[in-house]
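Structural overview
Now for the letters of each chain:
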Amino acid sequence: MTQNSANVVAASPVATGGMLVAPLGTPLPTTATEALNAAFVPLGYISNDGLQNTGDAASLEDVFAWGGDLVATLETTGSIKRYTSKLIEFFNPDVANFLYGSSNVTIVPAAGVDGTKISIADKGTTIARSCVVYDMKYQGKRARVVVPLGQPVVTAEDPFVHTALAGSEVQVTCFKDASGNRQYLYLVNDDIDDSSSSSSSSSSSSSS
């Protein structure tokens, strides 16, 4: 195949959210565009750093024979797949439930002159393993990353200052599911041949 600019991508989140989470066992999508199960909860805006691939490459060890000849290269540890993104909706109840556990978060909906009240008991517990979906688009293209068994960890928290948004950086490690897969990638290109569609339409009109 020759070079084709239709195959490049500069990803943005879709309107329904760029990062969504659901409890383990939730039915997972198998295409880039199908509606997600209702259990998936969007975690709001992500910082301009976007979605970062932060996994570690496999470790290799060269093995030499007597005399100095290289006879093998062994993979001593496998690669690790991780994704990192920064959640910046600090007042989002769904983000609070995700980061601290819903049993440690109390939400009082806005009423009268009072806005939504959020109370958090931070027990320092590990975020529960989750199903994670990252949804992206570029022009007419769609890309979806599905992590069936993800372990989220907060790796950094931004300070409270007036010159930048507060946020929590979350790293998701992808563990293998029962089928041995650590992630699923679903892509849809927008490389439709308009001329073929026009020809088909014209042919249909002529036959009628």
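Scope of this entry: the structure provided in the associated data block. (Residues numbered from 1 in each chain as written. Predicted model: local features only at pLDDT ≥ 70, side-chain atom pairs only at ≥ 80, totals over all residues. Heavy atoms only, no water.)

**Details of the overall build of the protein**
Put simply, the rule is: Here a helix means four or more residues in a row that DSSP labels H or I, a strand means two or more in a row labelled E, and each is numbered from the N terminus. For this measure, only C-alpha atoms enter the radius of gyration; the expected value for a globule follows 2.2 Å times N^0.38, where N is the number of residues. The buried label goes to any residue with under 20% of its type's maximum accessible area, the exposed label to any with over 50%, and the partly exposed label to all in between, with areas taken from a 1.4 Å probe on protein chains only. In what follows, a contact means two residues having at least one pair of non-hydrogen atoms within 4.5 Å.
Summing up its helical and strand segments, the protein has two helices and 13 strands in all. The globule rule puts the C-alpha radius of gyration for 208 residues at 17 Å, and the 23 Å found for the protein is more than 25% above it. Residue burial in the protein is summarised as follows: out of 208 residues, 26% are buried. Once local pairs closer than 6 in sequence are excluded, the contacts in the protein between residues at least 24 apart make up 61%.

**Comments concerning the environment of Lys141**
For clarity, the threshold we go by: Under the rule applied, a polar contact is a pair of N or O atoms within 3.5 Å (in protein, one hydrogen donor and one hydrogen acceptor; residues adjacent in sequence only if both atoms are side-chain atoms).
Tracing the backbone through its elements, the reader meets Lys141 in strand β11 (residues 141–157). Here the alpha-carbon distance between Lys141 and Gly180, two residues 39 residues apart in the chain, equals 28 Å. The residues contacting Lys141, other than those within four sequence positions of it, are Ala6, Val8, Met136, Val188, Asn189 and Asp190. In terms of polar contacts, Lys141 uses its side chain to reach the backbone carbonyl oxygen of Ala6, at 2.9 Å. A distance of 2.7 Å separates the side chain of Lys141 from the side chain of Asp190, its partner in a polar contact.

**A closer look at helix α1 (residues 93–100)**
Let me state the cut-off plainly: The directions from the helix axis to the C-beta atoms are what the arc is built from.
Restricting attention to buried positions, one finds in α1 the residues Val95, Ala96, Phe98 and Leu99. Angularly, the buried residues of α1 cover 165° about the axis, an arc narrow enough to put them on a single face. The N-cap residue of α1 is Asn92: its side-chain oxygen and the backbone nitrogen of Asp94 are 2.8 Å apart. Two residues or fewer past α1, Gly101 is found with a positive phi of approximately 90°.

**Side note on the side chain of Thr173**
Locating Thr173 in the fold gives a position in strand β12 (residues 168–174). On the basis of relative accessible area, Thr173 is assigned to the buried category, the value being 12%. Within the local environment of Thr173, its side chain forms a polar contact with the side chain of Arg82, the two groups lying 3.0 Å apart.

**Notes on the pairing of strand β10 (residues 130–138)**
Every regular strand shows the same layout, with side chains that alternate between the two sheet faces. In plain terms, the rule: Only strands joined by at least two bridges in the DSSP assignment are considered to pair.
With respect to burial, β10 is a largely interior element, seven of its nine residues being buried. In terms of strand pairing, strand β2 (residues 19–23) meets β10 through five bridges, oriented antiparallel. Note that in β10 the partner of Pro23 across the bridge is Ser130. Bridge count between β10 and β11: eight bridges; the pairing is antiparallel.

**Some points on the pattern of salt bridges**
Using the following cut-off: Any carboxyl oxygen of Asp or Glu within 4 Å of a side-chain nitrogen of Lys or Arg constitutes a salt bridge here.
Applying the stated criterion across every chain, the model contains five salt bridges. For Lys117, the salt bridge identified is with Asp114, shortest N-O distance 3.9 Å. For Lys117, a relative accessible area of 45% translates into the label partly exposed. According to the relative accessible area criterion, Asp114 is partly exposed, its value standing at 40%. The salt bridge partner of Arg144 is Asp135, with a shortest N-O separation of 2.7 Å. According to the relative accessible area criterion, Arg144 is buried, its value standing at 3%.

**Some thoughts on the nonpolar core**
Under the convention used in this document: Residues belong to a common nonpolar core when they are buried Ala, Val, Leu, Ile, Met, Phe, Trp, Tyr or Cys residues joined through side-chain atoms within 4.5 Å.
One finds Met19, Leu87, Phe98 and Tyr134 to be the most contacted residues of the largest nonpolar core, which totals 18 residues. Put simply, the parts of the chain that give this core at least two residues each are β2, β7 (82–87), α1, β10, β11 and β12. Formed by eight residues, the second largest nonpolar core is a distinct cluster that contains Ala32, Phe40, Val146 and Tyr186.

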